[in-house]
Amino acid sequence: MQLHSFKFSDTPSLVALSASLIVAIWLTQLIHRGLSVRLKFRAMRSRGLPVPEPYSFLYGHIPLLKSLKEGLPKDAHDTYVHRKLTMDWPKYFPRQKTCPPVIYLDLWPLTSQPFIYATSPDACFQLTQQSPQPRHSMFSWALFPVTGGKDLISMDIPTHRIWRSRLNPGFSLKNLLSQTPILIEEVGIFVQRLREQAGDDGKFGNIFNLFDRTVALTFDIITRVSLDLDVKEQVEGPTPILKALRALISHVKGPTIWSELERWTPSYRRDVALNSKVLLDRLLPQVKSRLQPDASSEKTVIDLAVKEYKSEYGNEDQRPSPDFIDTVISQLKLFMLAGHDTTAQAICWALYEITKSPDVLRRIRAEHNEVLGSDVKLAAQVLSLEPHRLNSLRYTTAAIKESLRLHPLGSTHRCGSRSFNFVCDGSTYPTDDSVIWTSPTAIHLRSDLWPRVMEFLPERFLVPEGHPLHPVKNAWRPFELGNTRCIGEELAMIEMKLVLALTMRELDFHFDWEGWNTLQGRKDPPDSVGGEYIYRVGNGIGYVKDKLPTRIKFRQL
């Protein structure tokens with residue numbers, strides 16, 4: 001028998017053969033997975049489960065997804081796509097008598113698992129409150145470039161419970177109200193910069209992008225409240241820390257074939273390492289300074305978390321471990337990510353909706369006169385001395401809630417399993433091997449739940465239970481509900497109240513999309529969603545179209 005010796009010239013062919021085998025195995029697994037999903041959906045359709053039409057055994061719901069995008073601008077956020085399924089449910093569920101409580105979507109190969117869209121308050125209640133299911137791993141995977149996987153959203157339920165208890169005191173209403181002077185200081189800078197944009201002689205000033213201003217405001221607030229770090233983004237921005245954070249946010253993407261491949265590229269790893277270092281170099285020294293016995297404050301989120309950590313050990317001298325510090329940094333990056341983009345956009349939408357509604361604006365101004373006094377210039381001083389007056393702004397709060405109903409920004413993805421089924425109106429809906437998605441947008445715009453669904457009616461949140469306008473239980477969920485509801489809800493609400501309290505009586509806003517289109521030299525007819533030229537765009541949290549082009553003038557008092 002003659003044995004052939006190995007030659008280096010054989011290496012390329014061996015590499016090619018190995019690569020071909022790997023690709024063949026991968027394709028086999030992919031096709032097998034796809035066939036399993038398609039057969040599963042065929043069985044679900046035969047059982048009468050809510051699988052929207054049209055459905056293709058070859059393409060699944062990908063053609064449906066494409067048809068849902070028809071009539072929408074190319075830059076429109078995906079929420080406008082998904083909400084069509086509930087707003088126009090008779091079209092997609094011709095055999096259903098009512099809007100289904102859950103919707104099954106087959107998007108393979110865009111996603112490896114089926115999606116279940118929870119579209120009713122009861123279904124969402126079962127998922128997040130009654131029998132809370134764990135967050136899906138796609139969350140932690142998406143956030144990893146920013147947080148490194150040690151944040152509240154990425155943690156398992158037991159670890160989340162520990163850290164939530166440590167962080168809750170810092171985000172409590174009592175603690176946040178004690179920091180009202182800091183918040184008013186930052187909002188005061190924001191208002192002064194708006195004044196500088198006002199025109200002369202009672203005329204509207206030059207056009208500018210309001211969203212950029214609200215981003216700077218909310219970023220300054222979250223860094224001060226969480227860590228007593230005065231970034232001065234509003235005055236000195238764009239600062240390196242925000243630029244680094246936003247560079248990392250650009251890598252926050254759901255797991256797909258393309259995003260998974262991207263994470264293997266040298267450019268991705270280099271960009272994440274570079275910008276993570278910028279954040280660490282700024283955050284770590286500040287965290288360590290807060291751990292010193294002579295730290296100047298005991299009110300920041302991290303100060304109170306350290307206090308809780310020490311109380312767990314029953315030892316005031318207990319030094320935080322390196323792992324504790326690493327996790328604190330991860331939490332801070334999560335707060336910075338979630339605490340500036342979402343609130344900045346929510347402020348924009350509140351100002352936009354209120355300005356569009358003269359009667360609402362009139363009532364808000366009247367309430368501010370009643371609660372804060374008729375002298376507009378003293379409002380900040382009054383609130384600094386008596387922050388609890390914010391709680392008396394009932395109509396203002398209702399207007400904010402109604403804006404969040406029309407423009408909710410949050411959602412959650414949970415793991416389906418054989419042990420968890422939805423049970424709605426006597427019917428059972430299985431969830432095994434699926435991603436369950438709650439989208440408040442779909443629930444908030446269901447006409448069977450919200451009378452006069454597309455109207456901006458703050459009164460919904462003021463009328464007594466039993467009134468036709470009163471919200472259905474568990475239907476309003478912009479911050480989600482349950483044990484993983486947004487920890488920053490109280491902070492976001494206070495920020496929005498303060499912005500409205502310190503702007504509405506002094507300034508008039510004009511959201512000038514026409515002027516902006518002219519400045520940009522756009523000749524084609526402007527894009528719109530539902531007749532609105534200002535709409536949500538982008539991916540993830542997204543942002544307001546054209547960053548909300550705005551003109552401002554001083555109100556004639």
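Further up the page is the structure itself.
Reading guide: rules and limits
- Residues numbered from 1 in each chain as written.
- Predicted model: local features only at pLDDT ≥ 70, side-chain atom pairs only at ≥ 80, totals over all residues.
- Heavy atoms only, no water.
- Pairing = 2+ DSSP bridges.
- Helix = DSSP H or I, 4+ residues; strand = E, 2+ residues; numbered from the N terminus.
- Axes fitted to C-alpha atoms, helices over the stretch in contact; angles between N-to-C directions.
- Disulfide = S-S within 2.5 Å.
- Buried < 20%, exposed > 50% of the residue type's maximum accessible area, 1.4 Å probe, protein only.
- 1 Å grid on protein atoms, 1.4 Å probe; cavity = no way out; pocket = protein on both sides within 12 Å on 5 of 7 lines; lining within 4 Å.
- Points joined across faces, edges and corners; volume = space filled by probe spheres on them.
- Nonpolar A, V, L, I, M, F, W, Y, C, P; charged D, E, K, R; others polar.
- Left-handed = near helix turned anticlockwise from the far one by under 90°.
- Contact = heavy atoms within 4.5 Å.
- Expected span 1.5 Å × (residues − 1).
- Arc of directions from axis to C-beta.
- Core = buried A, V, L, I, M, F, W, Y, C linked by side-chain atoms within 4.5 Å.
- Salt bridge = Lys/Arg side-chain N within 4 Å of Asp/Glu carboxyl O.

A. Spotlight on the sheet that holds strand β2 (residues 115-118). With respect to topology, four strands assemble into an open sheet ordered β1-β2-β7-β4, the strand pairing being mixed. The strands lining the two open edges of the sheet, one partner per strand, are β1 (102-105) and β4 (412-415). Between one strand axis and the next, the sheet turns through 25° on average, direction left out of account. Taken together, the four bridges between β4 and strand β7 (residues 435-438) define a ladder with antiparallel strand orientation. Bridge pairing in β7 places His413 opposite Trp437.

B. Representation of the state of the cysteines in the model. On inspection of all chains with the given rule, the structure shows zero disulfides. Looking at Cys415, it has no disulfide partner, and the nearest cysteine sulfur is the one in Cys124, 16 Å off. Taking the relative accessible area as the measure of exposure, Cys415 reaches 23% and is therefore partly exposed. The structure places no disulfide on Cys486, whose sulfur is separated from the nearest cysteine sulfur, that of Cys124, by 16 Å. Residue classification places Cys486 among the partly exposed residues on the basis of a relative accessible area of 35%.

C. Geometry of empty space enclosed by the protein. Under the criterion given, the structure shown has one cavity of 30 Å³ or more. Roughly 30 Å³ of internal volume is contained in the largest cavity. For the largest cavity, the full set of lining residues is Lys40, Met44, Tyr104, Pro114, Ile116, Pro430, Thr431, Asp432 and Ser434. Taken together, the residues of the lining of the largest cavity sort by class into five nonpolar, two polar and two charged.

D. Layout of the packing of helix α16 (residues 301-313) against helix α17 (residues 322-356). Contact pair α16 / α17: the axes reach a minimum separation of 12 Å and the direction vectors enclose 145°. The two elements α16 and α17 cross, and the hand of that crossing is right-handed. In this structure, α16 contributes Val301, Ile302, Ala305, Val306 and Tyr309 to the contact, and α17 contributes Phe324, Val328, Leu332 and Phe335. Here the contact of α16 with α17 is built from residues that sort into nine nonpolar, no polar and no charged.

E. View of the pairing of β1. Residue alternation in β1 divides its side chains into two sets, Val102 and Tyr104 and Ile103 and Leu105, and both sets are buried. Of the strand pairs in this sheet, β1 and β2 are connected by four bridges, and their pairing is antiparallel. What sits directly across from Ile103, in β2, is Tyr117.

F. How the structure looks around helix α10 (residues 180-195). Under the 1.5 Å per step criterion, the end-to-end length of α10 is 22 Å for 16 residues, consistent within 8% with the ideal 22 Å. Taken residue by residue, α10 has Thr180, Leu183, Ile184, Glu186, Val187, Phe190, Val191 and Leu194 as its buried positions. Relative to the axis of α10, the buried residues are bounded by an arc of 165° and lie together on one face.

G. Focus on the nonpolar core. By size, the foremost hydrophobic cluster in this structure holds 125 residues, and its most contacted members are Tyr104, Leu210, Leu283, Ile354 and Phe422. At 17 residues, α17 tops the list of elements feeding residues into this core. Leaving out residues up to four positions away in the same chain, Tyr104 has contacts with Phe41, Met44, Leu49, Pro50, Val51, Pro52, His61, Phe115, Ile116, Tyr429 and Pro430. Judged by nonpolar contacts, the second largest core, of 24 residues, contains Leu68, Tyr92, Leu107 and Phe115.

H. Geometry of unusual backbone geometry. Cis geometry marks the peptide bond from Glu53 to Pro54, where omega comes out at 0°. The amide bond that connects Trp108 to the next residue, Pro109, takes the cis arrangement and shows omega of 10°. Turning to its location among the elements, Pro109 is positioned in the loop between β1 and β2. A positive phi angle, close to 60°, is found at Glu480, a residue other than glycine. A relative accessible area of 7% means that Glu480 is categorised as buried. Positive phi outside glycine occurs at Asp546, with the angle close to 55°. The residue Asp546 is located in the loop between β10 (543-544) and β11 (549-554) in this model.

I. How the structure looks around the sheet that holds strand β8 (residues 507-511). Pairing is antiparallel across the open sheet formed by three strands, whose spatial order is β3-β11-β8. Whereas interior strands pair on both sides, the edge strands pair on one side only; in this sheet they are β3 (208-209) and β8. Relative to β11, β8 runs antiparallel, the two sharing five bridges. Counted as the bridge partner of Phe509 is Ile552 from β11.

J. How the structure looks around the pattern of salt bridges. According to the stated counting rule, one finds 32 salt bridges in the structure shown. In this structure, Asp323 and Lys150 form a salt bridge, with 2.9 Å as the shortest nitrogen-oxygen distance. Residue Asp323 is found in helix α17, and its partner Lys150 is found in the loop between α7 (137-147) and α8 (157-167); the two are separated by 173 residues along the sequence. Given a relative accessible area of 47%, Asp323 falls into the partly exposed group. One salt bridge in this structure joins Asp546 and Arg522, with 2.9 Å as the shortest N-O distance. Placement of the pair is Asp546 in the loop between β10 and β11 and Arg522 in the loop between α23 (513-519) and β9 (536-537), with a sequence separation of 24 residues. A relative accessible area of 18% means that Asp546 is categorised as buried. If you follow the salt bridges from partner to partner, you end up with Arg45, Glu53 and Arg95 in one network.

Shape is all these values report; function is a separate question.
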